[in-house]
Amino acid sequence: MPNAVGDGIHSTDLDRLRALRDPNVEEVAVSFHHKEKKLILRINGVERNHLKVSNPEDKFEACIKWLKEQFILWRTPPN
């Protein structure tokens with residue numbers, strides 16, 4: 001059965017759904033766009049910075065490694 005006019009999710013609906021956030025949660029995301037060789041920093045879904053680099057995969061891996069090491073340091077009690 002074909003969809004009636006107005007059925008389905010439209011781009012404006014998706015934008016609205018993406019904007020719904022838990023006010024008690026903050027998010028930081030680093031994305032790696034392979035084709036464009038670009039790294040993108042988003043905070044709470046808003047792009048804050050992007051850069052094109054010749055070796056984005058290495059930079060992306062460095063970001064992940066740094067974050068992981070930071071969490072380990074914060075989790076480890078001081079001696």
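Further up the page is the structure itself.
Since the model is a prediction, treat every value here as computed from it, not as a measurement.

Draft legend 1. How the structure looks around the overall build of the protein chain. For the protein chain, the count of helices and strands is two helices and three strands. Counted from the first residue to the last, the protein chain has its helices and strands arranged as α-β-β-β-α. For the protein chain, buried positions account for 10% of its 79 residues. By sequence separation, contacts in the protein chain at least 24 residues apart represent 14% of the contacts at least 6 residues apart. Carbon and sulfur atoms make up 57% of the accessible area of the protein chain, which amounts to about 7300 Å² in all.

The rules behind these values
- Once a new chain begins, its residue numbering starts again from 1 and follows that chain's sequence as written.
- The predicted origin of the model limits local features to residues at a pLDDT of at least 70 and limits the giving and counting of side-chain atom pairs to 80 or more, whereas totals for whole chains, interfaces and linings rest on all residues.
- To obtain the side-chain values, all non-hydrogen atoms of the structure were included, while hydrogens and water were left out.
- Helix and strand definitions follow DSSP, with helices as H or I runs of at least four residues and strands as E runs of at least two, each counted in order from the N terminus.
- Using a 1.4 Å probe on the protein chains alone, a residue whose accessible area is under 20% of its type maximum counts as buried, one over 50% counts as exposed, and one in between counts as partly exposed.
- We call two residues in contact when some of their heavy atoms are within 4.5 Å.
- Accessibility throughout is a Shrake-Rupley quantity obtained with a 1.4 Å probe, and a residue counts as covered only by protein chains that appear here.

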